[in-house]
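# Survey of secondary and tertiary structure
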Amino acid sequence: MAFPARHTNNYQSELTLQQVSQRTLSTSPTSFHSPPSSYGASALTGGAISLANAKHLKPFATEDIKVLLLENVNQTGRDILSNQGYQVEFLKSSLPEDQLIEKIRDVHVIGIRSKTKLTARVLKEARNLIVVGCFCIGTNQVDLQYAADHGIAVFNSPFSNSRSVAELVIAEIIALARQLCDRSNELHNGTWNKVSSKCWEIRGKTLGIIGYGHIGSQLSVLAEAMGMSVIFYDVVNLMAMGTSRQVPTLQALLEESDFVTCHVPELPETKRMIGQQQLEQMKKGSYLINASRGSVVDIPALIHAMRSGKIAGAALDVYPNEPAGNGDYFNDSLNPWASDLRSLKNLILTPHIGGSTEEAQSAIGIEVGQNLVRYVNEGITLGAVNLPEVNLRSLTMDEPDHARVIFIHRNVPGVLRKVNEILGDHNVDKQMTDSRGDVAYLMADVSSVDTSMIKDLYERLESLSSRIMTRILY
Ligand SMILES: NC(=O)c1ccc[n+]([C@@H]2O[C@H](COP(=O)([O-])OP(=O)(O)OC[C@H]3O[C@@H](n4cnc5c(N)ncnc54)[C@H](O)[C@@H]3O)[C@@H](O)[C@H]2O)c1
Ligand SMILES: O=C(O)CC[C@@H](O)C(=O)O
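Because the structure is predicted, anything quoted here is derived from the model rather than measured.

Here the focus is the sheet that holds strand E15 (residues 439-447). If you walk across this open sheet you meet the four strands as E14-E15-E13-E16, and the pairing is antiparallel. Strands at the two margins of the open sheet, each flanked by one partner only, are strand E14 (427-436) and strand E16 (467-473). Between one strand axis and the next, the sheet turns through 10° on average, direction left out of account. Sheet topology note: the strand E13 (residues 403-410)/E15 ladder contains eight bridges and is antiparallel. Bridged to Arg410 within E15 is Val439. Running over the sheet, helix H15 (residues 415-423) touches E13, E14 and E15 and is turned about 155° from E13.

Looking now at the state of the cysteines. Overall, the coordinates contain zero disulfides when judged by the stated rule. Cysteine Cys136 remains unbridged, with the sulfur of Cys134 as its closest cysteine sulfur at 5.2 Å. With no disulfide of its own, Cys262 lies 18 Å from the sulfur of Cys181, the closest cysteine sulfur. Assessed through its relative accessible area of 0%, Cys262 is described here as buried.

Another point: the side chain of Asn290. As for its position among the elements, Asn290 is in strand E10 (residues 286-290). In this structure the side chain of Asn290 is engaged in a polar contact, spanning 2.6 Å, whose partner is the side chain of Ser292. Dropping the residues within four chain positions of it, Asn290 is found in contact with Cys262, Val296, Val297, Ala315, Leu316, Asp317 and Val318.

It is worth spelling out the UniProt feature "domain: ACT" (unreviewed entry) in the protein chain at this point. What UniProt calls "domain: ACT" (unreviewed entry) maps, in this numbering, to residues 404-474. Segment residues 404-474 splits into 30% helix and 46% strand. End C-alpha atoms: 6 Å apart.

Moving on: the site of ligand 2. Around ligand 2 sit Arg113, Ser114, Cys136, Ile137, Gly138, Asn161, Arg293 and His352, and those are all the residues in its vicinity. At a separation of 2.7 Å, an oxygen atom of ligand 2 approaches a polar side-chain atom of Ser114. At 2.7 Å, a side-chain N or O of Arg293 approaches an oxygen atom of ligand 2. Contact with the protein chains hides 91% of the accessible area of ligand 2, taken as 290 Å² for the molecule alone. Classifying every residue of the shell around ligand 2 by side-chain character gives two nonpolar, four polar and two charged.

What follows covers the packing of H15 against helix H16 (residues 451-462). Packed helix pairs are specified by the crossing angle of their axes together with the interaxial distance, meaning the distance between the axes. Relative to each other, H15 and H16 sit at 160°, their axes nearing to 10 Å. With respect to H16, the axis of H15 lies roughly antiparallel. The handedness of the crossing between H15 and H16 is right-handed. Side by side, H15 and H16 meet where Val419, Glu421, Ile422 and Leu423 of the first sit next to Leu457, Arg460 and Leu461 of the second.

Detail in the predicted coordinates should be disregarded across regions flagged by low pLDDT. Per-residue pLDDT for the protein chain has a mean of 88; in total, 87% of the residues score no lower than 70. Low pLDDT, under 50, characterises residues 1-51; the stretch is placed with 126 contacts to residues that sit more than four places away or in other chains. Per the prediction output, this complex has pTM 0.88; the corresponding ipTM is 0.99.

If a residue is not glycine, its phi is most likely negative; likewise, a peptide bond is most likely trans. Even without being a glycine, Glu71 presents a positive backbone phi close to 60°. Here Glu71 is to be found in the loop between strand E1 (66-69) and helix H3 (75-82).

Moving on, we get to the packing of aromatic side chains. On inspection of all chains with the given rule, the structure shows five aromatic pairs. Seen from their ring centres, Phe259 and Tyr287 are 4.7 Å apart, and the 10° between their planes marks the pair as stacked. Linking Phe259 in strand E9 (residues 259-262) with Tyr287 in strand E10, this pair joins segments that are 28 residues apart in sequence. For Phe259, a relative accessible area of 2% puts it in the buried group. By relative accessible area, Tyr287 is classed as buried at 4%.

Under the defined criterion, the tally for this structure stands at 18 salt bridges. Lys430 is the partner of Asp445 in a salt bridge, and the nearest nitrogen-oxygen pair spans 2.7 Å. Of this pair, Asp445 sits in strand E15 while Lys430 sits in strand E14, and the two are 15 residues apart along the sequence. Each of the two residues, Asp445 as well as Lys430, counts as buried. Within the structure, one salt-bridge network assembled from shared partners comprises Glu102, Arg105 and Glu125.

Here is what the cut-offs are and how they apply
Residues numbered from 1 in each chain as written. Chains lettered and ligands numbered in written order. Predicted model: local features only at pLDDT ≥ 70, side-chain atom pairs only at ≥ 80, totals over all residues. Heavy atoms only, no water. Pairing = 2+ DSSP bridges. Helix = DSSP H or I, 4+ residues; strand = E, 2+ residues; numbered from the N terminus. Axes fitted to C-alpha atoms, helices over the stretch in contact; angles between N-to-C directions. Contact = heavy atoms within 4.5 Å. Disulfide = S-S within 2.5 Å. Buried < 20%, exposed > 50% of the residue type's maximum accessible area, 1.4 Å probe, protein only. Polar contact = N/O pair within 3.5 Å; in protein donor to acceptor, adjacent residues only side chain to side chain. UniProt positions renumbered as here; feature names shortened; annotations may be inferred. Near = heavy atom within 4 Å. Areas by Shrake-Rupley, 256 points an atom, 1.4 Å probe, with all protein chains shown as cover. Nonpolar A, V, L, I, M, F, W, Y, C, P; charged D, E, K, R; others polar. Parallel < 35°, antiparallel > 145°, perpendicular 65-115°, else oblique. Left-handed = near helix turned anticlockwise from the far one by under 90°. pLDDT = per-residue confidence, 0-100. Phe/Tyr/Trp six-rings, centres within 6.5 Å; stacked < 30°, edge-to-face > 60°. Salt bridge = Lys/Arg side-chain N within 4 Å of Asp/Glu carboxyl O.

Next up, the structure:
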């Protein structure tokens, strides 16, 4: 490459009118909705209503964008990236750290799901990386602060699989109440065991939801439709859906609920938030469900509570350690209590499939794929989880001598003055800057730039002491 790492090629971006108008109107991450698949089929893949006047941005350097997609990212996302002309390498599983480090050294874009740990140690080796796409909701697997401090944007799909998780939990509530999996397993083994003892309807029972965000609130609506009473506990004061009710403490929720289900993110405060003490506070004969993160429930404590009969059943979709790919890995060397867990009755164990439906994966592929393309091609950070959200309307063919300058920098006094001195020989048509913590993101479209000036602009911006990363798209 002619210039230091972390500047990038830029490819033609073919935009639909629909996208352009959404882009102009959207200023908040909450305004992002997962597009239906019919929308996604045309978006960024040569849609019928492409904006003829959109400027085709040219590469800054001559190399192609290299993309590494791990963990079986959906075809929709793969297509969006391949159709841009990027070099896309696709792997079905995640990679052990040493192999990940080898691969990540070259790539500009990486797409992962929940298994790939992008720690500071790994990201340090990612010399060319400009953006991470988490093709899922959770972003706890990425060191978001390290990424921001090094100008690497991180995107996710905040609610494309929420409905899938909520539906799985509904299925589990009924399955636990009826001991469905045990009866099915017995009959698979030839045993007819027709019992009604300790099998219940869910109508009239109380569901306690811990974490009333996208998934928790969706679940609340479904559970009430089936005749359950819903209470929830959340650190934020939230509007209750239907006739559900927020309770003031976790203990209040645990003491009142017949079913307790966890939908909190992985945070220091949520680590083992359901441990021995909380299990003791639950009603005798109640049920526990965890489809959030494996760190949230203390599993040895749950094993103890189930053996003692305090907890009548449980469903786990997530575990402290999960294998990198499919296979017979769920054993004691992965998690020391695995065989104890596997021996329990009325315990549903699923391999982190809460969001694994065709609908969810397809929508996630489209949403994250589009975010990545928009960031690589145009520097737009709308929806980023670790950088300020900055957006400018697209350059058009009527602006042939324009360049888009992106300057990610430390949020310290005096930077704008210095940047504008550098841009001062040109007309700054539009500019936006915003900060998030210690990192600020400046995007400016400048005119009267010919290609011979770009190297100079780039080098002068790179020489500023506040610089984290400079990109110039033209
Ligand atoms: N099993 C799966 O396949 C699967 C799929 C999607 C998401 N998830 C997990 O589920 C989590 C929740 O997803 P979401 O989309 O509903 O997230 P969300 O951010 O919309 O909601 C999380 C809620 O938890 C609350 N919260 C945070 N800390 C809390 C605490 N200490 N006590 C009580 N409430 C607290 C927040 O205020 C928020 O309302 C994700 O972070 C992800 O880890 C798992
Ligand atoms: O698909 C995955 O690997 C993760 C699913 C889920 O935990 C999420 O965070 O969206």
